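Observations on the three-dimensional arrangement
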Amino acid sequence: MAHPYSQALLQRDEEDVVLLDCSKAFDKLPHSSIVTSLSSHGVNGEMKGLLSDYLKGRSQRVVVEGHFSSEQSVPSGVPQGSILGPLLFTVAVNSLAKSISSTVMQYADDIVLSRTIKKHEDCVVLQQALQRLEAWCKEVGLEINPEKSQHLRISNKRDKSVKVPGEYYVISGKKIPLVNEAVCLGVTFSSKLEWTAQVDKVTAKCRQRLYSVNAFFPQR
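The name recorded for the protein in an unreviewed UniProt entry is Reverse transcriptase domain-containing protein, from Ramazzottius varieornatus.

**Some remarks on helix α4 (residues 45-55)**
Along α4, the residues that are buried comprise L51, S52 and L55. Seen from one end, α4 has its buried residues packed into an arc of 105 degrees, which puts them on one side. In α4, the exposed positions angled more than 90 degrees off the buried face are occupied by E46, L50 and D53. Buried residues along α4 sit in contact with α3 (31-40) and α5 (84-93). In the stretch just after α4, G57 is the one whose phi turns positive, near 75 degrees.

**Points about the pattern of salt bridges**
For the coordinates displayed, the defined rule picks out seven salt bridges. The salt bridge partner of D122 is R115, with a shortest N-O separation of 3.5 Å. By relative accessible area, which is 9% here, D122 ends up buried. Residue class for R115 comes out partly exposed when judged on its relative accessible area of 23%. Overlapping salt bridges bring together E14, D16 and R153 as one network.

**Describing the packing of α3 against α5**
At a minimum axis distance of 8 Å, the contact between α3 and α5 shows a crossing angle of 70 degrees. With respect to each other, α3 and α5 are oriented roughly perpendicular. Residues I34, S37 and L38 of α3 pack against L88, V91 and A92 of α5. Taken together, the residues of the contact of α3 with α5 break down into five nonpolar, one polar and no charged.

Rules used throughout
- Residues numbered from 1 in each chain as written.
- Predicted model: local features only at pLDDT ≥ 70, side-chain atom pairs only at ≥ 80, totals over all residues.
- Heavy atoms only, no water.
- Buried < 20%, exposed > 50% of the residue type's maximum accessible area, 1.4 Å probe, protein only.
- Helix = DSSP H or I, 4+ residues; strand = E, 2+ residues; numbered from the N terminus.
- Arc of directions from axis to C-beta.
- Contact = heavy atoms within 4.5 Å.
- Salt bridge = Lys/Arg side-chain N within 4 Å of Asp/Glu carboxyl O.
- Axes fitted to C-alpha atoms, helices over the stretch in contact; angles between N-to-C directions.
- Parallel < 35°, antiparallel > 145°, perpendicular 65-115°, else oblique.
- Nonpolar A, V, L, I, M, F, W, Y, C, P; charged D, E, K, R; others polar.

Next comes the structure, spelled out in structure tokens:
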């Protein structure tokens, strides 16, 4: 993921990276969307029926101090903690990259859009990609949370030579915050692609674990 960003810096270009937050993606994806996506991946017949039965017909209820609520049907989401759950989710969202012109990176419900910024039109293209992403999410039953999403401009330039139209990228009519650091899959990326924050975070965890290990050994 960092390699194309470093290549942009070597070419003295800038890279706009938009990290998107899907609101409760594993819970909101409709079963109908998952089953439909199975056919587009060549899963039909008895296997498709078996996976459809695995998802459908589920219900849930809560208990408080021994009192049970009435059961409610669960028309969306994949079973949490299962092996098939993440796999079915990945199959359902696999069509996203085909509808987006900018670079798309996906890992489960983590979606990252990026584009090398050389001119004003590149920002426009990335904004159009966000709009297509929004339309795709509505089609499959997902929702993007703009407030929790992040826009990271990776650049070594003091002043951004290319401005984003309206200063911010927008999705669902709301601004995506511009940040100097963003975390993706546990890795901290900075606007200058420096790794100080990531190294500090890892070394801090190492110290904590080292102290925990030392606590088991008597001091002389």
